[in-house]
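# Geometric and topological summary
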Amino acid sequence: MDGRVNMPNSGSKRGGWITFPFITGAVVGLTLATGGWLSNLIVYLIQEFNVKSINAAQISNIASGCFSLFPVIGAVIADSFLGSFFVASISACISLLGIVLLALTATLDSLRPQPCDDGSRLCTPPSKLQYAVLYTALALACIGCGGSRFTLATMGANQFDKPKDQGIFFNWYFFSLYTASAASYTAIVYIEDNLSWRLGFGLSAITNLIATIRKRKVQLSSKTEDYYYGQDGIAEIAIPSKKRFRFLNRAALQTEGDVQSDGSVAKPWRICTMQQVEDLRKLIRILPLWSTGVFLSTPIGIQSSLTILQALTMDRNVGPHFKIPSGSILVFVLISTSIFLTIIDRFLCPMWQTLIGSSPTPLQRIGVGHVLNTLSMATSALVESKRLNIAQAHHLQDQPSSIVPMSVMWLFPQLALVGIGEAFHFPGQVALYYQEFPASLKTTSTAMISMIIGIAFYLSTALVDLVRRVTGWLPDNINDGRVDNVYWALVVVGVLNFGYYYLCACSYRYQNVGKGSENGGSGGTDNEAYGKA
């Protein structure tokens, strides 16, 4: 997204753009592998494992939550022990094992229940063994794919010295991620729905294997960049804070017996360095902003699963010979995100720079994402109301397998809105955390957005279960439910969360402004003391 993307950094001690093809190649391969099974998991569970629709959506949300939480564990291991390269390589191998096992469930008849017609009440449920194999495959695939996704992002950003180049890398990283996802959501899902599940899962395993092989060619300029140096390696010693969270300074206050006569620490568990205290203070300051991301992503998790269920009940024919796979409907989120990542980088950011005199800050980009996300939920509610009215007009409430005579293309506007919102708030959050987190937690910083998504998927699962228990909005036959009310409830959540975010953003003071001011859209100016939504 910058004309210099193919130019190596002359004189840089890091890998620079030379490593870019290898890292993005690995990202593309792993994303193709993951999207091939995760995007179509609900349909696979319903058609091949005889799981009820809402239960299938819940299982899919849990799997997506695991897929998004495991990057945090991988990031901690990378920052503390092994480094990004080894964590990414090991995770890719684990992912391969999971996808191969998942392909076996589609290949061997003994690993899945007997088939039955959609909506039949006489379907044979999966056995305990079949569930065990399925859940083991999903767990391994989630651990592997999740452990490598954002570790690769940090490994790529570490190859650049300038924050502006790091910002350009993040744009290209997300562009590659979403483009590969779009390809898997269409090509591989189409193969699964129209040819065979075993072939689709087999292709996922092959792309995972190729990604695993390519990563062994990545050469990092220095292994020490993934580790914490301690006091001797710190360029600037942290000064005790006189303002916020001053009580934390007690952790670094020397008392009798803490330090030996030669200056070494006698009891490491009793005293911290001021740098460690300052690092903790940075994390506490950014925590409120981070929490708003959870309630930003929760509606997206609920919308993604309900949209697939809606698509299963709608007319998916495009012309006389083509039918859109229901698992591919979410590809329009990815397409709109990929397109707008380019538009933002090439047009909107330069226009903003011309009109305002500075690039949009991460907080401003996140704020725009909040607004667009809420608009998407409102659009979803209106479209679902129209679908229910048509279903009632044709007396389809008591026919679970019936198709409502309404084109699935009515779902496109809401998906486009949420995709455009993701183009604003996802890169904005990653850039903010990478810029504001302590230097010793850079891998963890890029995984924080994944942790948000993981928690959001688990929270969405809990909320859907709560709605099912206390209301009649989400029966297995959604033609007889009120999914539109669920979306209106998400609109209320979005409005309240945006108000909370606005207060947090207005009171937030950038901690590394000078370092991030060059990062075309990833930092503020030297005169910008407070974040602006």
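Position numbers for residues count from 1 along each chain, tracking the sequence in the order it is written. Two thresholds apply to this predicted model, a pLDDT of at least 70 for residue-level local features and 80 or more for giving and counting side-chain atom pairs, whereas whole-chain, interface and lining totals are computed over all residues. In computing side-chain values, all of the structure's heavy atoms are included and hydrogens and water are not.

## Description of the nonpolar core
- Grouped together as the largest cluster of nonpolar side chains are 120 residues, with contacts concentrated most on W37, F169 and I329.
- The element best represented in this core is helix α11 (residues 412–436), accounting for 11 residues.
- By definition in these notes, contact holds between two residues if any of their heavy atoms fall within 4.5 Å. The contacts of I329, once residues within four sequence positions are left out, are T307, I308, A311, V408, L411, F412 and L415. Side-chain atoms within 4.5 Å link the members of a nonpolar core, which is a set of buried Ala, Val, Leu, Ile, Met, Phe, Trp, Tyr and Cys residues. Partly exposed describes any residue whose relative accessible area lies between the buried limit of under 20% and the exposed limit of over 50%, with all areas from a 1.4 Å probe on protein chains only and scaled to the type maximum. Strands are runs of DSSP state E lasting at least two residues, helices are runs of H or I lasting at least four, and both sets are numbered from the N terminus onward.

## Side note on the pairing of strand β4 (residues 404–407)
- The alternating pattern of β4 places V404 and M406 on a buried face and P405 and S407 on a face that is not buried.
- Following DSSP output, two strands are said to pair if at least two bridges run between them. Looking at chain direction, strand β1 (residues 314–315) and β4 are connected through 2 bridges and run parallel. Of the residues in β4, the one forming a bridge with M314 is V404.

## Some thoughts on the environment of S64
- Note that S64 resides in helix α3 (residues 53–82).
- Counting along the chain gives 394 residues from S64 to Y458, while the straight-line C-alpha distance between them is 8.5 Å.
- Not counting the four nearest positions on each side in its chain, S64 is found in contact with L38 and F457.

## Description of the packing of helix α10 (residues 362–393) against α11
- Fitted lines through C-alpha atoms serve as axes, helices being fitted only where they are in contact, and the angles separating the N-to-C directions of these axes extend from 0 to 180 degrees. Relative to each other, α10 and α11 sit at 160°, their axes nearing to 7 Å. Taken together, the axis directions place α10 and α11 in an arrangement best described as roughly antiparallel. In this structure, α10 meets α11 at a crossing whose hand is left-handed. An angle below 35 degrees is read as roughly parallel, one above 145 as roughly antiparallel, one from 65 to 115 as roughly perpendicular, and any other as oblique. A clockwise turn of the near helix away from the far one marks a right-handed crossing, whereas an anticlockwise turn of less than a right angle marks a left-handed crossing.

## What to know about a nonpolar patch on the surface
- Residues with no salt bridge and a relative accessible area higher than 30% make up the patches, which join like charges within 9 Å and nonpolar side chains (Val, Leu, Ile, Met, Phe, Trp, Tyr) within 5 Å. Each accessible area is a Shrake-Rupley estimate made with a 1.4 Å probe; only the visible protein chains count as cover when residues are assessed. By convention in these notes, a salt bridge is any Lys or Arg side-chain nitrogen within 4 Å of a carboxyl oxygen on Asp or Glu. Together, I73, I77, F81, L82, F86 and I90 make up a nonpolar patch on the protein surface, roughly 560 Å² of accessible area in all.
- Those elements that provide at least two residues to the nonpolar patch are α3 and α4 (84–107).
- Secondary-structure assignment places L82 in helix α3.

## Some details on the side chain of Q130
- Turning to its location among the elements, Q130 is positioned in helix α5 (residues 128–157).
- For Q130, a relative accessible area of 9% translates into the label buried.
- Setting aside anything within four residues of it in sequence, one finds Q130 in contact with F49, S110, L111, R112 and P113.

## Side note on helix α13 (residues 483–507)
- The end-to-end C-alpha distance of α13, which contains 25 residues, comes to 37 Å, matching closely the 36 Å that a straight helix rising 1.5 Å per residue would cover.
- Residues V483, D484, N485, V486, Y487, L490, V491, G494, N497, Y501, C504 and A505 constitute the buried set of α13. To estimate how far a helix should extend, the number of its residues minus one is multiplied by 1.5 Å.

## Overview of the packing of aromatic side chains
- Stacked, edge-to-face and tilted labels apply to pairs of Phe, Tyr and Trp rings (six-membered ring for Trp) whose centres lie within 6.5 Å, assigned for plane angles under 30 degrees, over 60, and everything in between, in that order. In this structure the tally under the stated criterion is 2 aromatic pairs.
- Plain terms: the ring middles of Y131 and Y135 are 5.4 Å apart, the flat faces sit at 20° to each other, and that makes the pair stacked. Of the two residues, Y131 and Y135 both sit in helix α5, 4 residues apart, roughly one turn of that helix.
- Assessed through its relative accessible area of 39%, Y135 is described here as partly exposed.

## Remarks on the pattern of salt bridges
- Evaluation of the coordinates by the stated rule reveals 3 salt bridges.
- Its salt-bridge partner being E384, residue R387 comes within 2.9 Å of it at the nearest N-O pair. With R387 and E384 both in helix α10 and 3 residues apart, this pair spans about one turn of that helix.
- Ionic pairing is found between D465 and R469, a salt bridge with its closest N-O pair at 2.9 Å. With D465 and R469 both in helix α12 (residues 442–470) and 4 residues apart, the pair spans about one turn of that helix.
- For D465, a relative accessible area of 30% puts it in the partly exposed group.

## What to know about α10
- Its 32 residues place the ends of α10 47 Å apart at the C-alpha level, agreeing with the 46 Å of an ideal helix rising 1.5 Å per residue.
- Just past α10, the residue H395 takes up positive phi, approximately 55°.

## Considerations on the packing of α10 against α13
- Between α10 and α13, the shortest axis-to-axis distance is 8 Å and the interhelical angle comes to 165°. Considering their axes alone, α10 and α13 lie roughly antiparallel with respect to each other. When the axes of α10 and α13 are compared, the crossing they make is left-handed.
- For this scheme, ten residues count as nonpolar: Ala, Val, Leu, Ile, Met, Phe, Trp, Tyr, Cys and Pro. Four count as charged, namely Asp, Glu, Lys and Arg, and the remainder, Gly too, count as polar. Residue classes in the contact of α10 with α13 are distributed as 17 nonpolar, 8 polar and 2 charged.

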